[in-house]
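# Residue-level structure breakdown
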Amino acid sequence: MTDSTSSQHFGSSRVKRGLAEMLKGGVIMDVVTPEQARIAEDAGAVAVMALERVPADIRSQGGVARMSDPDLIEAIIAEVSIPVMAKARIGHFVEAQVLQALDVDYIDESEVLSPADYVNHIDKWGFNVPFVCGATNLGEALRRINEGAAMIRSKGEAGTGDVSEATKHIRKIKSEIAALSSMSKDELYVAAKELQAPYDLVVEVAETGKLPVVLFTAGGVATPADAAMMMQLGADGVFVGSGIFKSGNPAQRAAAVVKATTFHDDPAVIAEVSRGLGEAMVGINVSDLAAPHRLAERGW
Amino acid sequence: MVAPQVAAPRVGVLALQGDFREHAQVLRVLGADVTLVRRPEELAAVDGLVIPGGESSVMDKLARTFGLAEPLRAAISGGLPVYGTCAGLIMLADTVLDGIRGQESLGGLDVAVRRNAFGSQTHSFETDLDVPVLGGEPMHAVFIRAPIVESVGPAATALATLDDGRCVAVEQGNLLGTSFHPEVTGDYRIHEYFLGKVRAAA
């Protein structure tokens, strides 16, 4: 990318990872219309994810799920001034090129859509726009970072309203990081092999005790208490997909989740914001889902 | 030689949303006694405050909802040293351009700041910036969906401009604001400059 001022550098890792740093402590909400985007912004969302169908509808309607219509994405970008993210299919680098051309602020290479490549993920280094990718464990997170992801979200099980998988994945990533931190240097070679992750990244995580990028949680968060629990488990922030606009009172629930995320360690605040929110999304228990319908298993 | 025993300056970092941990880390490295501030009583216990990068519209909403906005305004007008980066600069501006519907700022800096002035994330950038008040080498500055100071009123002073002349750092008495994020680059001269204000005011 060029500019009239040649000393400016665009699309560096620091700039791409930096936007995620600024989203920390915030809530990113799935929206399917400009009106929903406006409600999310008014409620205190730190960014919105523009898509045609929330995961719960993708789940119930079935079929191949793809990148959203550019008209919809542009209408949402025009409606709000907070960052707008959009999803590309795993491995679908042309959808990613299109989303970059549309000037989205972040691309989610997402298992919620149908994968376009069952072998390769997108080579994300070649883009100026940053990517967020899902992970169920540390090795998967580091493989995505090695491909250029500038932000990681634990996957959970999207579109269920069941937070148990989100809990499992954030706990898994955090405990694997803790385990690396306590290893002696000569154990890290085997750790890298077992994690199936690049050795240099494994050493970096062992030394710093954290991922080199921001770690959000996603997949099944439906209540203020769910969001606060993810934060207490060590997430830097929260994605809420179907949980807000599949509930009885989206504006109020959205604002409540934002407050509970900031005051995640204050049960009195969480209690207060949880009052009278109306119906939560009905949801599906992950244990009732047949294996082929589990989205978290997409991506490797 | 024994260093004189000087109490560490007590500096708060507004922790409603954003990269407050990065600022807290920098301030600790520089010897400050750091408190994360989300409540009025936490604000009352500090001698200076940093408002971090993040989403200004979210910070504004949470500050008002949780009764922090008025104590913040009172502290600013009472002379509390405050440094705002990016979203924090927006919070300190008397006038905010391109805010979301109903967005308010705390005010204090006699400037008009345009939110998200460079466009979408693909227009975010790094560059070297002369900041004469710091002396020495240019500062490496990271701009992330950054605001610019569109006009500087008579009470405020521009501290740095881009090559095209647009203002990206300002000062007014005990208030300091930058469009960019020194907390993510490892160059802590602006934080040190700010701590000088905190020590002088305490």
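Note that this is a predicted model, so its numbers are computed, not measured.

## Observations concerning the pattern of salt bridges
Applying the stated criterion to the full structure yields 34 salt bridges over all chains. Residue B:E22 is joined to A:K24 by a salt bridge in which the shortest nitrogen-to-oxygen separation is 2.8 Å. Of this pair, B:E22 sits in helix 1 (residues 20-29) while A:K24 sits in the loop between helix 1 (13-23) and strand 2 (27-31), each in a different chain. In this structure, A:R89 engages A:E95 in a salt bridge whose closest nitrogen and oxygen atoms are separated by 2.8 Å. Like A:E95, A:R89 is buried.

## Re the UniProt feature "active site" (unreviewed entry) in chain A
Residues and elements named next belong to chain A. Annotation from UniProt places "active site" (unreviewed entry) at K87. Turning to its location among the elements, K87 is positioned in strand 4 (residues 84-89). When residues no more than four places from it in sequence are discounted, the contact partners of K87 are M49, A50, L51, M67, L99, D108, S110, V112 and L113. A polar side-chain atom of K87 sits 2.8 Å from a polar atom in the side chain of D108.

## Here we look at the sheet that holds strand 8 (residues 139-143) of chain B
The strands making up a sheet associate through hydrogen bonds between their backbones, and the pairing can be parallel or antiparallel. Taken in spatial order, the three strands of this open sheet run 1(A)-7(B)-8(B), and their pairing is antiparallel. Looking at strand neighbours, the two that pair on one side only are strand 1 (9-10) of chain A together with strand 8 of chain B, the edges of this open sheet. Pairing of strand 7 (residues 125-129) of chain B with strand 8 of chain B, which is carried by five bridges, proceeds in the antiparallel orientation. Bridge pairing in strand 8 of chain B links B:D128 to B:H140.

## Comments concerning helix 5 (residues 93-101) of chain A
All names here are of chain A. For helix 5, the complete set of buried residues consists of E95, A96 and L99. Projected down its long axis, helix 5 carries its buried residues within an arc of 100 degrees, all on one side. Structurally, helix 5 contributes buried residues whose contacts are with helix 4 (70-79), strand 4, strand 5 (106-110) and strand 6 (131-135). Immediately beyond the C-terminal end of helix 5, within one or two residues, lies D103, with a positive phi of roughly 70 degrees.

Conventions used here
- Residues numbered from 1 in each chain as written.
- Chains lettered and ligands numbered in written order.
- Predicted model: local features only at pLDDT ≥ 70, side-chain atom pairs only at ≥ 80, totals over all residues.
- Heavy atoms only, no water.
- Salt bridge = Lys/Arg side-chain N within 4 Å of Asp/Glu carboxyl O.
- Helix = DSSP H or I, 4+ residues; strand = E, 2+ residues; numbered from the N terminus.
- Buried < 20%, exposed > 50% of the residue type's maximum accessible area, 1.4 Å probe, protein only.
- UniProt positions renumbered as here; feature names shortened; annotations may be inferred.
- Contact = heavy atoms within 4.5 Å.
- Polar contact = N/O pair within 3.5 Å; in protein donor to acceptor, adjacent residues only side chain to side chain.
- Pairing = 2+ DSSP bridges.
- Arc of directions from axis to C-beta.

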